Amino acid sequence: MGYDGKLVNSHTPNHYNTKSYFQAFEIVTCREISDYEGGTIIQEVKTAEEFLNADEMAIDQPFYRVFGVYKQEYYKTRKALGDFYNVTDASVFIEEITGVPVHIYSY
């Protein structure tokens, strides 16, 4: 796919699995950055501006977190399901769960 190391976003509906608690799955670009206390934090980046700002403080290459988005009637909003350094691995993970193709949006 050629998206590794770039800003990537994806939203894949989970229409076919009506018994699932998840209505959709997302791939969100994340960066590990240094905090002011000497530790690190994980920052989600969704815009080109956020990506470039985080690039200056990032410890490593971007990685891609897969979230399950809960249905509206559930008491939670979403749950992190896995982290991937390769976008293809993240999209295949979602395709294996949903059975539908994942469309990647990159900037």
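Cut-off values and rules
- Residues numbered from 1 in each chain as written.
- Predicted model: local features only at pLDDT ≥ 70, side-chain atom pairs only at ≥ 80, totals over all residues.
- Heavy atoms only, no water.
- Helix = DSSP H or I, 4+ residues; strand = E, 2+ residues; numbered from the N terminus.
- Buried < 20%, exposed > 50% of the residue type's maximum accessible area, 1.4 Å probe, protein only.
- Contact = heavy atoms within 4.5 Å.
- Areas by Shrake-Rupley, 256 points an atom, 1.4 Å probe, with all protein chains shown as cover.
- Salt bridge = Lys/Arg side-chain N within 4 Å of Asp/Glu carboxyl O.
- Expected span 1.5 Å × (residues − 1).
- Arc of directions from axis to C-beta.
- Polar contact = N/O pair within 3.5 Å; in protein donor to acceptor, adjacent residues only side chain to side chain.

Draft legend 1. Structural detail: the overall build of the chain. Helix and strand counts for the chain stand at two helices and six strands. When the helices and strands of the chain are read in sequence order from the N terminus, they spell out β-β-β-α-β-β-α-β. Once the C-alpha set of the chain is aligned to its principal axes, its extents read approximately 45 × 35 × 20 Å. Looking at the chain as a whole, 36% of its 107 residues qualify as buried. In the chain, the proportion of contacts linking residues at least 24 apart, taken out of those at least 6 apart, comes to 56%. Entry remark: accessible area of the chain is about 6700 Å², with carbon and sulfur atoms responsible for 50%.

Draft legend 2. Structural context of the pattern of salt bridges. Applying the stated criterion across every chain yields a total of four salt bridges. Notably, a salt bridge pairs E26 with R78, separated by 3.5 Å at the nearest N-O pair. Linking E26 in strand 2 (residues 22-34) with R78 in strand 5 (residues 78-84), this pair joins segments that are 52 residues apart in sequence. Judged by relative accessible area, which is 18%, E26 ranks as buried. By relative accessible area, R78 is classed as partly exposed at 29%.

Draft legend 3. Main features of helix 2 (residues 87-98). For helix 2, with 12 residues, the first-to-last C-alpha span of 17 Å sits near the 16 Å given by 1.5 Å per residue. Listed as buried for helix 2 are V87, A90, S91, I94 and T98. Seen end-on, helix 2 carries its buried residues on one side only, within an arc spanning 95°. At the N-terminal end of helix 2, a side-chain oxygen is found 2.7 Å from the backbone nitrogen of T88, two or three residues along, and the residue is N86. Where helix 2 ends, the next residue or the one after it, G99, has phi of about 80°, a positive value.

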